[in-house]
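Reading the structure
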Amino acid sequence: QKPRRDRRNMARSKSPSPPARASKKRSSRRSSDDDSDDSDEDELLRKKTERSEKRMKSKTTGGKLDSRAAENERSKEEGEIHLEDKGRVKTTESDAKKTTKPLVVKNSTNGRAGGAYVPPFKLAQMMREIEDKSSPEYQRITWEALKKSINGLVNKINSSNVKNIVPELFNENLVRGKGLFARSVMKSQMASPQFSPVFAALVAVTNTKFPELGELVVKRVVLQFRRAFKRNDKSVCVAATKFLASLVNQQVVHELLALELCTLLLTQPTDDSVEVAIEFIKECGYALQDLSPQGSHGIFERFRGILHEGEIDKRTQFMIEGLFAFRKSGFEGKKGVPEELDLVDEDDQIVHEISLDDELEANASLDVFKFDANYEENEKKYVEIKKEILGEESSSSDESGSDESGSDESSDDDEEPAVAAPTTTQNITDATETNLVNLRRTIYLTIMSSLDFEEAGHKLMQIQLQPGQEIEVATMLVECCSQERTFVRYYGLLAQRFCFISKEYASLFDDVFMKQFSTIHRLETNKLRNVAKFFAHLLTTDAMSWTCLAYIQLSEETTTSASRIFIKILFQELSEQLGLKKLNEKMSEEDMQAYFTGVMPKAPLKNVRFSINFFTSIGLGGLTDGMREHLKKEQEKERERRANASSSSSSSSSSSSSDSSDSSDSSDSDSSSSSESSESSSSSSSGSGKRRRRKRKSHK
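All values derive from a computational prediction rather than experimental measurement.

**A few points about the overall build of the chain**
Secondary structure assignment for the chain yields 30 helices and 0 strands. Relative to its full complement of 700 residues, the chain shows a buried share of 33%. Restricting the contact set of the chain to residue pairs at least 6 apart, pairs at least 24 apart contribute 72%. Accessible area of the chain: about 43600 Å², with a carbon and sulfur share of 49%.

Dropping the structure here:
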């Protein structure tokens, strides 16, 4: 019996308890399952199985869900496909390995698409399968395709293929994807700031056709700069300022934004803010100097003040000195827009006036997909817009026309050419002169709104004038000058600039001088003074020819009080500007004497005396030396003529005296008798006079 008991005890001790046996079976099952899973399942399923094992260890067996039930509940919550057993998991995973990059759709009922990549063939298949083209699913697929296409085109753009990329970009619906376009351009520019001129050229071209697209890009760049400036993010600030500088060069945004940005960076200068401002000025300094010379001068004066203060680091001071040297060299290497990127004409440019202080909205909702109830109508509208931009209809019609003409020529080689029907053109003239009034208004507003004469001249040269309308610029300059209280040199400098640019304007101001002098009596004294000083400035700078003085006839009969005042102010201003000596030399030039005969006449002597007296009375007697000498010579000649005339008369009288010698005696007697009679008459007259005096005294 003892051996039997010992055997039983040994068997009991060797045989595990029921729970231990179950756990041992489960552990062996788990180990076998883990081995099979390691060979078949990927990393994601391995993590899930580990999580399920942890949950099973932490939970008790009674009243709790097992690992498979927990996975089922979790998969239902996430909206994923439930896999019933491990065998099915293995089959699905093996199928997944066979297919490359499948499309995974999660929670399709909510319209949320997942997956990083959809193959083109599968995307086209999905679009063909969807019958309702206005459904949210179809719109989402087209949205993803639009996003991918815009990103691809923007990412591969460079200075050599801009002209080829732009038509491809217009083929995409930029009205629907303007948020995508702005986001893609800004991301690409931020990744490579050195290509900012290329992206600015792309924005400038799209801005001509879709101004709201260019405005959106400018607003987002300004907001990006604001955020970076507040966070002291120097790298983002430099990238944003480079993009803004390129947009200023392309005239997408007004130059006032650049001046505001420089003012903000240099108001409280630090090393970083000054460096950012220097990089910004290097990019757009040439354009600022051309568009706003006074503003550019103010910015460089501020740089000079910072340099003199010496509160910044030595390295930054050297950078400022390098900027001044770069400016002195004429911004060599960064003179505005490169030739290959100058794709927009000045007439087509649309400039957005946006300030740093404006309340701007980024419109982030444009970057997110939204369901469009009128999707098909909007797509048709953009197709029409695309045809207008790219000219598809005209090109197709030209091709068809060329084909037809080629066939006609081949078929009608033997026939005589048909006579073309006469075409009648009808010219319509605007008798109301509305266009002329609008042109004058534009010229006036441009002159009055400019900071200095250089800016005004640049803007006026950009106005498209019809042939013969150049005279309006000269007339408006004279009229604006006459309206001022006192003479403003701004108008004289502006007229001088136009005369130096083109000789045509010099002749036009000559015509305006003639018209003003002929109607000078209509002007008030103040206006008359301004006009006289205006033309005196043009004469002293040789902007217009001195031949205009030929229109002046200085005489008592041909001048009025207003014209004499005009001549007085004109020559007094010339004397002040040139000096009396130089003015006298100018007026005594032999080549110009034919044009000065009206002002300083040589004949008749009456007009010569009037001119001498006029210039002497206004304090310019030094100009009359030549006329005085001429007058003396003429007077001497007159005396000689009279002397010659008297001598000729005396000789004739001596010849006639010999013939009348016989009648001399009778004449003597007659003369004596006449003398006696005269004496008697005189005595009688004296006696009568005395009698009258006596009568008057008696009456008194």
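**Quick notes on the pattern of salt bridges**
In the structure shown here, the tally under the stated rule is 14 salt bridges. Glu301 is paired through a salt bridge with Arg304; the nearest N and O atoms lie 2.8 Å apart. With Glu301 and Arg304 both in helix α15 (residues 293-309), this residue pair falls 3 residues apart, about one helical turn. The class of Glu301 is partly exposed, set by a relative accessible area of 36%. Between Arg440 and Glu472 there is a salt bridge, with its nearest N and O atoms 2.7 Å apart. Remark: Glu472 occurs in helix α21 (residues 470-482) and Arg440 occurs in helix α19 (residues 434-449); sequence separation between them is 32 residues. Assessed through its relative accessible area of 35%, Arg440 is described here as partly exposed. In this structure, a network of salt bridges that share partners links the residues Lys234, Asp272, Glu275 and Arg315.

**A short note on unusual backbone geometry**
The amide bond that connects Ala603 to the next residue, Pro604, takes the cis arrangement and shows omega of -10°. One can find Pro604 in the loop between α27 (593-596) and α28 (605-617).

**A look at the side chain of Ser611**
With respect to the helices, strands and loops of the structure, Ser611 is situated in helix α28. A residue is classified by how much of its surface remains accessible, and Ser611, at 0% relative accessible area, is buried. Here Ser611 is in contact with Leu554, Val599, Met600, Pro601, Thr624 and Met627, once residues within four sequence places are set aside.

**Observations regarding a negative patch on the surface**
Side chains of Glu339, Glu340, Asp342, Asp345, Glu346, Asp347 and Asp348 sit close together on the surface and give a patch of like negative charge. Looking at Glu340, the relative accessible area reads 44%, which means it is partly exposed.

**Observations concerning the nonpolar core**
Within the largest apolar cluster, 80 residues are counted, with the highest numbers of intra-cluster contacts made by Phe181 and Phe303. Setting aside anything within four residues of it in sequence, one finds Phe181 in contact with Ile150, Val154, Leu169, Leu174, Leu202, Thr206, Leu213 and Val217. Among the nonpolar cores identified, the runner-up in size contains 65 residues, and Tyr491, Ala562, Val608 and Ile612 belong to it.

**Details of the packing of helix α25 (residues 561-578) against helix α26 (residues 580-587)**
At a minimum axis separation of 7 Å, α25 and α26 run at an interaxial angle of 115°. Along the contact surface, α25 presents Phe571, Leu574, Ser575 and Leu578, while α26 presents Leu580, Lys582, Leu583 and Met587. Here the residues of the contact of α25 with α26 sort into 6 nonpolar, 1 polar and 1 charged.

**Focus: a nonpolar patch on the surface**
Judged by side-chain polarity, Tyr444, Leu445 and Met448 come together as a nonpolar surface patch covering roughly 290 Å² of accessible area. Secondary-structure assignment places Tyr444 in helix α19. Given the relative accessible area of 38%, Tyr444 is considered partly exposed.

**Overview of helix α9 (residues 178-191)**
Taking 1.5 Å per residue as the helical rise, α9 with its 14 residues ought to reach 20 Å, and the 20 Å between its terminal C-alpha atoms agrees with that figure. Among the residues making up α9, those that are buried are Gly179, Leu180, Phe181, Ala182, Ser184, Val185, Met186, Ser188 and Gln189. Those residues of α9 hidden inside the fold are in contact with α7 (136-155), α8 (162-171), α10 (196-209), α11 (211-231) and α12 (234-249).

**A look at the packing of aromatic side chains**
Two aromatic rings are characterised by how far apart their centres lie and by the angle between their planes. By the definition in use, this model includes 17 aromatic pairs. Plain terms: the ring middles of Phe534 and Phe535 are 5.3 Å apart, the flat faces sit at 85° to each other, and that makes the pair edge-to-face. Their ring planes at 85° and their centres at 5.3 Å tell us that Phe571 and Phe615 sit as a pair that is edge-to-face. Of this pair, Phe571 sits in helix α25 while Phe615 sits in helix α28; the two residues are 44 residues apart in sequence, bridging distant segments of the chain. Judged on exposure class, the residue Phe571 and its partner Phe615 are both buried. When the ring centre of Phe300 is taken as reference, the NZ or CZ atom of Arg327 above it lies at 4.2 Å.

**Some remarks on the confidence of the model for the chain**
Per-residue confidence for the chain gives a mean pLDDT of 77; residues scoring 70 or more make up 70%. Per-residue pLDDT, averaged within each element of the chain, yields its smallest value for helix α5 (residues 86-98) (40) and its largest for helix α24 (residues 525-540) (94). Taken together, the stretch residues 13-39 has pLDDT below 50 and engages in 9 contacts with residues farther than four places along the chain or on a different chain. Here residues 74-115 scores under 50 on pLDDT; set against residues more than four positions off or in separate chains, the count is 36 contacts.

**Observations concerning the packing of α21 against helix α22 (residues 489-501)**
Remark: α21 packs on α22, axes separated minimally by 10 Å, with the N-to-C direction vectors making an angle of 165°. One element, α21, and the other, α22, form an angle in the roughly antiparallel class. Read as a crossing pair, α21 and α22 show a hand that is left-handed. Between α21, through Val473, Leu477, Cys480 and Cys481, and α22, the contact on the second element is made entirely by Tyr491, Leu494, Ala495 and Phe498.

**A look at α12**
Relative to the 22 Å expected for 16 residues at 1.5 Å per residue, α12 spans 22 Å between its end C-alpha atoms, a close match to the ideal helical length. With 14 of 16 residues buried, α12 is to be regarded as a mostly interior element. Positive phi appears at Gln251, one or two residues downstream of α12, with a value of about 60°.

**Observations concerning the state of the cysteines**
Summed over the entire model, instances satisfying the criterion amount to 0 disulfides. The thiol of Cys262 is not disulfide-bonded; the next cysteine sulfur, from Cys284, is found 6.2 Å away.

**A closer look at the environment of Gly619**
Position of Gly619 among the secondary structure elements: in the loop between α28 and α29 (625-657). Between the alpha carbons of Gly619 and Lys568 there is a distance of 9.6 Å; along the sequence they are 51 residues apart.

**Thoughts on the side chain of Ser575**
If you trace the backbone, Ser575 turns up in helix α25. Note on Ser575: relative accessible area 16%, which makes it buried. Ser575 has contacts with Leu580, Leu583 and Leu620, leaving out every residue within four places of it along the chain.

How each quantity is defined
Residues numbered from 1 in each chain as written. Predicted model: local features only at pLDDT ≥ 70, side-chain atom pairs only at ≥ 80, totals over all residues. Heavy atoms only, no water. Helix = DSSP H or I, 4+ residues; strand = E, 2+ residues; numbered from the N terminus. Buried < 20%, exposed > 50% of the residue type's maximum accessible area, 1.4 Å probe, protein only. Contact = heavy atoms within 4.5 Å. Areas by Shrake-Rupley, 256 points an atom, 1.4 Å probe, with all protein chains shown as cover. Salt bridge = Lys/Arg side-chain N within 4 Å of Asp/Glu carboxyl O. Patch = residues over 30% accessible without salt bridge, like charges linked within 9 Å, V, L, I, M, F, W, Y side chains within 5 Å. Lys, Arg positive; Asp, Glu negative; His and termini not counted. Charge placed at Lys NZ, Arg CZ, Asp CG, Glu CD. Core = buried A, V, L, I, M, F, W, Y, C linked by side-chain atoms within 4.5 Å. Axes fitted to C-alpha atoms, helices over the stretch in contact; angles between N-to-C directions. Nonpolar A, V, L, I, M, F, W, Y, C, P; charged D, E, K, R; others polar. Expected span 1.5 Å × (residues − 1). Phe/Tyr/Trp six-rings, centres within 6.5 Å; stacked < 30°, edge-to-face > 60°. Lys NZ or Arg CZ within 6 Å of the ring centre and 35° of its normal. pLDDT = per-residue confidence, 0-100. Parallel < 35°, antiparallel > 145°, perpendicular 65-115°, else oblique. Left-handed = near helix turned anticlockwise from the far one by under 90°. Disulfide = S-S within 2.5 Å.

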